[in-house]
Each structure stands twice: as C-alpha cells, then as structure tokens.
Amino acid sequence: MTIRKLVSVGVALVAMSLAAEAKVSEGWEIEAISKSTGYSVHGQEGSKNQFGLLKHSNTCAADELYISWVSDSDNIWPLAGKQISLAADFDGVALDIPVEVVSIRPMQGDRYQVIFGRSFANSELLSLMANAASVNLVMASADLAQFFSVTGDRFSMQGFAQARLDAQSRCQSQSS
C-alpha cells in the first residue's frame, strides 16, 4: 500500500469516527461507552432525560434499553437495583416497559441521574420504535413518581432507524 492510500484510509477512518460521535439526525446521538455503543435522544420536558438503547460489542444484534432520568430527591437511593415499570405510549400504542435501576449518579447541585436498563428490546418493540413519531414515557406508579419532579417526558423517534444503523456499524467495528 502506498503512503497516499494509507493516508486516505486514515482520513476516512477519522471522519467515520467523528461522524459516529456526532448527532445522527433529529436529535439522536451516538455515544461511545467503552466498547459499547449508546444511541439516544433527549427529552422535550427534561433536557437531561434520555431515551435510547445500547449495543454491546459482544452482542451487536441485541439492543438493551437505556433510559436516563433526572431526580432532585435526596431520598433516591432506595431505588438502586429495583425492578420498575415505565408506562410508554408510541403514537397511541400503550405498553409497560420493565426496567431495572442500574445506576444512580450525583450531578450538579441536589440532582441525580438515574439510569434504567437491563431490559432488551424485542423485534416488535424495535419495529414500533422505527414506525412511531414519538414516545411518551411516564413514571406511572406513585411509588416511583415521588422521586421525580418531571414524571413524564416525550422523546422524538424521528431519526431512530438511522441511529440504530450507525450504532450497529460502530458496534461491529468495536467487535473486531
């Protein structure tokens, strides 16, 4: 391989890497999380709230739900490790999404980032996500809602399909 071809390949790889870290479209973002790849969109009510999925480098075909929500409750810690259910509405199709509180991290001031996950999206949910314009998520139970000042948020699903393709591509490149 000539020096010119090596430089061209190197420039192309850097450009692809930068594109993978950028916004995909309609607010969806691809994020490198170690060798995993996250793809998510911010909420319309709480800009720190996120709805998305993770692809782990050893299981690129699977999509783990990733939901991040902000709490301003000092009493948030008992939620750690709990199995909960979020009410979801994808353009009129309502369902409960079972997730686990996998992480609680202090943020600036008296705010905390609560990460929900450990639930994988099946083909029906992925199809619903690809065909919906938006999803409304609600902390439906009073036991859960007490920890959040914003108990519901809307997330655009526009750009989801492209974000999933980009996340798949990054995941496969991390697997090799």
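Structure shown above.
Quantities reported herein were computed from a predicted structural model and do not represent experimental measurements.

(A) Seen up close, unusual backbone geometry. At Asp91, a position not held by glycine, the phi torsion is positive, near 50°. For Asp91, the position within the fold is in the loop between β5 (83–90) and β6 (93–106). Assessed through its relative accessible area of 44%, Asp91 is described here as partly exposed. With a phi close to 60°, Arg118 is a non-glycine residue in the positive phi region. Its location among the elements puts Arg118 in the loop between β7 (112–117) and α2 (123–131). A residue is classified by how much of its surface remains accessible, and Arg118, at 54% relative accessible area, is exposed.

(B) Broad picture of the state of the cysteines. Tallied over the entire structure, the rule returns one disulfide. Linked covalently through their sulfurs, Cys60 and Cys171 form a disulfide whose S-S length is 2.1 Å. Classification of the bridge connecting Cys60 and Cys171 rests on its S-S torsion, roughly -90°, and on that basis the disulfide is left-handed. Taken as a pair, Cys60 in strand β4 (residues 59–71) and Cys171 in helix α4 (residues 160–175) lie far apart in primary sequence, 111 residues in all. Neither Cys60 nor Cys171 differs from the other in exposure class; each is buried.

Cut-offs and rules
- Residues numbered from 1 in each chain as written.
- Predicted model: local features only at pLDDT ≥ 70, side-chain atom pairs only at ≥ 80, totals over all residues.
- Heavy atoms only, no water.
- Helix = DSSP H or I, 4+ residues; strand = E, 2+ residues; numbered from the N terminus.
- Buried < 20%, exposed > 50% of the residue type's maximum accessible area, 1.4 Å probe, protein only.
- Disulfide = S-S within 2.5 Å.

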